[in-house]
Amino acid sequence: MAERFEDLGLSDAIVEAARAAGYERPTPLQAASANVLRRGGNVVLHASSGAGVVAAVAMPLLDRLVEGDVSDAGPRALVLAPTQQRAEALAGGFGALAGATGLTVRAIAPGWHAAGGDVIVTTPQRALEAVETSELKLGGVEALVIMDAAGTFALNGESALETLAPLVPKEAQRIVTSAELTGDIERFIEGHARKALTVPARPAAPPRVPQTAESAGQIGYMIVEEQAKAEVLARLLESVEGDALVFTRTALRAERVLRDLSRRGIADGERDIRVLPFDAAGETASRVVSYDVPFSAEDLRTIHSAGGTVLATAAERAHFRRIAAEVPFTAKHRRARPLDGGALDAFRGTVSAALEAEDLDSQLLVLEPLIDEYSAAEVAAALSALLRRRAPAAGATAAAAAPAAVSGAPPADATVGGFTRLFVSVGLRDNIRPGDLVGAITGEANIKGDQVGRVDIRESFAVVEVASAVAERVIRALNGTTMRGRSLRVDYDRKGAGGSGGGRESRGPGGSGGPRGSGGPRGSSGPRGPGGGSGDRSRPPRGEDPRAPRSDRPRSPRGR
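Residues numbered from 1 in each chain as written. Predicted model: local features only at pLDDT ≥ 70, side-chain atom pairs only at ≥ 80, totals over all residues. Heavy atoms only, no water.

Caption draft 1: Region of the structure containing the overall build of the protein. From N to C terminus, the protein includes 18 helices and 20 strands. Across the 560 residues in the protein, those meeting the buried criterion constitute 46%. (Helix = DSSP H or I, 4+ residues; strand = E, 2+ residues; numbered from the N terminus. Buried < 20%, exposed > 50% of the residue type's maximum accessible area, 1.4 Å probe, protein only.)

Okay, here's the thing in structure tokens:
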């Protein structure tokens, strides 16, 4: 494994930026992925926070962009994160490494001006909105990066990703990072990041683990937010009578931790308490604490051969559990005090069991904006109050969750004359015809043909009018289905793409004000009954004769 950043073939500017950001040597993930990422191929990093995943992506990607040709066709890299908070944090991390390269990193978020950024960081949903309003151009993108795919899928970002990925040039590099590679994520990678190389490499066959395999020992861990680590460490060490070792990810961080312990009177010279970076591991003591989660299973094994405690942030929880299982260590979650019975402790026991058994990563993403504004303890206290105050009746959970499939109420200007405009994420470039959309809507949502109004097909999306009474049913029925091999994203037309004159009074040529009738079979492009309404109810492009047959109208080359 490379011991220096220079050994990875990175430019001097990137190496210096890495050192200025506090990185001292490549983590195993960075060493294994740098060359393949610099070559521009599709890559999947099976890793999460704690393994050095941000720098593993940013350093070789920025290095490759510096050597490439500058384009004025929009950003050169698009980085997608599960939440806006993660996007802004990533923009800061990428920006710290890009400073010496001349490349600019911007986020699409309040307080950021994204125009002119070489690297744009945002969420899939915000990126899609920016594309639909032409605020974000993807024609010059050389790399699409999906950070934390598992978190994005858990927060229902899959549909937006499915829509965005084909809009990025085919020759652009695809980089996906994920703590878990679920079936859905594997299918996405197969469809949009073909022939991607997985790092760390997966064995050709699952390793055969003997049923009698024994643990290498027990290791304790505590979930601690970054700002609370110093206090938690001090409490762990205040009662130490012998020697103690504390390990951090960098030497600079070790110096800072030692200063804090000295200020608190714990590292006072009377006790043998040393603070060292991970790469100085090899010694042992009566108490060993990792202030940060080690980068790899090998580091964890070396540092904690005699046990000890690891302080992990919530985002590092998945990484810690993975490397502990690789050692294999038996990981024991440490609590402040034992549970000792009573109604309150029974409740605490329920919460404690959930901490051990539930998949909390996606829930942490949901709560992240609140934790930015309040302390984690305050957020937990509020949730505890809600849980203890109400006990939902059977079926209430499902009923409460039902509206989640529809993104709120329709905008006021999306509903006219009893019809509501819907956005559908397929267009001319997908060879979609109005009859295709009518057939899908009536078939999937089980509604009548006269409940579908005008169909307006654009280059990359379509706007369809449906009777307001069935709009939510259509959104629920079509979201996640496929058409022409594309996963559909359907929502209310929030950007007003359908223009102003929607409703029954403007359904297209021949259909104005006339009775609709039931028309022919679903999806038919033939006459729809009295009133002369054509089955092709899309508005003709500006300047075209609306009476011309559809087949004679010019089509976009991308739709062929």
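Caption draft 2: Seen up close, the packing of aromatic side chains. Within this structure, the stated rule accounts for 4 aromatic pairs. Centroid distance Phe 423 to Phe 461: 5.4 Å. Interplanar angle 35°. Geometry classified as tilted. Remark: Phe 461 occurs in the loop between strand S16 (452-457) and strand S17 (462-467) and Phe 423 occurs in strand S15 (residues 419-424); sequence separation between them is 38 residues. Exposure remark for Phe 423: the relative accessible area of 6% places this residue in the buried category. Seen from the ring of Tyr 291, Lys 229 lies directly overhead, with NZ or CZ sitting 5.4 Å from the centre. (Phe/Tyr/Trp six-rings, centres within 6.5 Å; stacked < 30°, edge-to-face > 60°. Lys NZ or Arg CZ within 6 Å of the ring centre and 35° of its normal.)

Caption draft 3: Just the packing of helix H2 (residues 28-38) against helix H3 (residues 53-67), in detail. Packing of H2 against H3 brings their axes to within 9 Å, and their N-to-C directions diverge by 25°. In terms of orientation, H2 and H3 fall into the roughly parallel class. Judged by the sense of rotation from one axis to the other, the crossing of H2 with H3 is right-handed. Packed against H2, whose contacting residues are Leu 29, Gln 30, Ser 33, Ala 34, Leu 37 and Arg 38, the element H3 presents Val 53, Ala 55, Ala 56, Val 57, Met 59, Pro 60, Asp 63, Arg 64 and Glu 67 at the interface. The residue inventory of the contact of H2 with H3, partitioned by class, reads 9 nonpolar, 2 polar and 4 charged. (Axes fitted to C-alpha atoms, helices over the stretch in contact; angles between N-to-C directions. Parallel < 35°, antiparallel > 145°, perpendicular 65-115°, else oblique. Left-handed = near helix turned anticlockwise from the far one by under 90°. Contact = heavy atoms within 4.5 Å. Nonpolar A, V, L, I, M, F, W, Y, C, P; charged D, E, K, R; others polar.)

Caption draft 4: Structural detail: the sheet that holds strand S1 (residues 43-45). Across the sheet, which stays open at both edges, the 7 strands sit in the order S3-S4-S2-S5-S6-S1-S7 with parallel pairing between neighbours. Of all the strands in the sheet, the pair left with one neighbour each is strand S3 (105-107) and strand S7 (197-199). Across the sheet, the mean angle separating the axes of adjacent strands is 15° when strand polarity is ignored. As paired strands, S1 and strand S6 (residues 173-177) are joined by 3 bridges and run parallel to one another. Residue pairing across strands places Leu 45 opposite Thr 177, the latter belonging to S6. Relative to the sheet, H2 contacts S1, S6 and S7, its axis offset from that of S7 by approximately 160°. (Pairing = 2+ DSSP bridges.)

Caption draft 5: Geometry of the pattern of salt bridges. Inspection of every chain in the model, using the stated rule, returns 31 salt bridges. The partner of Glu 180 in a salt bridge is Arg 322, with the nearest N and O atoms 3.9 Å apart. Here Glu 180, found in the loop between S6 and helix H8 (183-192), pairs with Arg 322, found in helix H12 (residues 317-326); they are 142 residues apart in sequence, far enough to count as distant. Residue Glu 180 is classed as partly exposed on the basis of its relative accessible area of 43%. Here Arg 235 makes a salt bridge to Glu 231, at a shortest N to O gap of 2.7 Å. Of this pair, Arg 235 and Glu 231 both sit in helix H9 (residues 229-237), 4 residues apart, roughly one helical turn. Residue classification places Glu 231 among the partly exposed positions, given a relative accessible area of 38%. Linked by salt bridges that have partners in common, Glu 226, Lys 229, Arg 249, Arg 253, Asp 292 and Glu 316 make up one network. (Salt bridge = Lys/Arg side-chain N within 4 Å of Asp/Glu carboxyl O.)

Caption draft 6: Structural detail: the packing of helix H17 (residues 434-445) against helix H18 (residues 471-478). Axis separation between H17 and H18 bottoms out at 9 Å; the angle between their running directions is 95°. Judged by the angle between their axes, H17 and H18 are roughly perpendicular. Residue-level contacts link Ala 440, Ile 441, Glu 444 and Ala 445 of H17 to Arg 473, Val 474, Ala 477 and Leu 478 of H18. Partitioning the contact of H17 with H18 into residue classes produces 6 nonpolar, no polar and 2 charged.

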